[in-house]
Amino acid sequence: MKKKILILLAVLMTGGCSRPQPTVIEETAPSQDMTPAPSVETKTVTLESDEHIITFEIPVSCTAEEIMLEQAKEILIKDGTSEIISVGTGFFGVCGTGLTEKRTTINDKAVTVGYYDGSPEWSFAVFTSETPRIYAVSRVQDGDQSSADMILQSIQIR
């Protein structure tokens, strides 16, 4: 059953793209580009679904806005008007064009992290052992991604 779900997820992730499957790299520890930022004063944000309670830390200067999507529920984190990251649960899919994935562990949970077009900065992370999926999407366009990295590293799932 798990194999069928993984195959379905792979098909959904590459649907509509004309290139082959993404490259997958196995890692046993988080990559250097996901090292949390130096100590910053934070506050806890909670996202609840029928299946999970997801908590994570955000800088106190940031705001959290809950967004209901058709097949997912997200919290969007902003610093002023700049979007930093969204953390969600539910349906999540991406295009495989230019995608490299790395498998790692965050807080004892298996995670697949996606990078596009050779960038050292992550674009998304999916907690693969959770159903429905729990995911984080970096919303940083250019510049310092340390707040997004810190938030991703702080995700706890119960």
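Everything discussed here concerns the structure shown above.
K.L.:
So what's going on with the packing of aromatic side chains? Which residues, and what values?
P.N.:
Within this structure, the stated rule accounts for three aromatic pairs. Look at Phe-92 and Tyr-135: their rings are 4.6 Å apart centre to centre, the planes differ by 20°, and that puts the pair in the stacked class. One end of the pair, Phe-92, is in the loop between β6 (82–90) and β7 (99–106); the other, Tyr-135, is in strand β10 (residues 134–138), and 43 residues separate them in sequence. Of the two residues, Phe-92 and Tyr-135, neither departs from the other in class, the shared state being buried.

K.L.:
An account of the pattern of salt bridges is needed here, citing residue identities and associated values.
P.N.:
Inspection of every chain in the model, using the stated rule, returns three salt bridges. In this structure, Glu-74 engages Arg-139 in a salt bridge whose closest nitrogen and oxygen atoms are separated by 3.8 Å. In this pair, Glu-74 is assigned in strand β5 (residues 72–79) and Arg-139 in the loop between β10 and α2 (146–154), connecting sequence segments 65 residues apart. With a relative accessible area of 28%, Arg-139 lands in the partly exposed category.

K.L.:
I'd like a rundown of the pairing of β7, residues and numbers included.
P.N.:
Two elements, β7 and strand β8 (residues 109–116), share eight bridges in a ladder whose sense is antiparallel. Across the sheet, the residue bridging to Thr-105 is Ala-110, located in β8. Connecting the antiparallel pair β7 and β8 is a turn made up of two residues, with Asn-107 showing a positive phi of about 50°.

K.L.:
Can you tell me about unusual backbone geometry, naming the residues and giving the values?
P.N.:
In this structure, the amide linkage connecting Thr-131 to the following residue, Pro-132, adopts the cis form with an omega of -5°. By the element assignment, Pro-132 lies in the loop between β9 (124–127) and β10. Phi angles above zero are rare outside glycine, and Asp-108 is one such case at about 65°. In this fold, Asp-108 is placed in the loop between β7 and β8. The backbone phi angle of Asp-117 is positive, close to 50°, even though this residue is not glycine. Within the element layout of this structure, Asp-117 appears in the loop between β8 and β9.

About the criteria used
- Residues numbered from 1 in each chain as written.
- Predicted model: local features only at pLDDT ≥ 70, side-chain atom pairs only at ≥ 80, totals over all residues.
- Heavy atoms only, no water.
- Phe/Tyr/Trp six-rings, centres within 6.5 Å; stacked < 30°, edge-to-face > 60°.
- Helix = DSSP H or I, 4+ residues; strand = E, 2+ residues; numbered from the N terminus.
- Buried < 20%, exposed > 50% of the residue type's maximum accessible area, 1.4 Å probe, protein only.
- Salt bridge = Lys/Arg side-chain N within 4 Å of Asp/Glu carboxyl O.
- Pairing = 2+ DSSP bridges.

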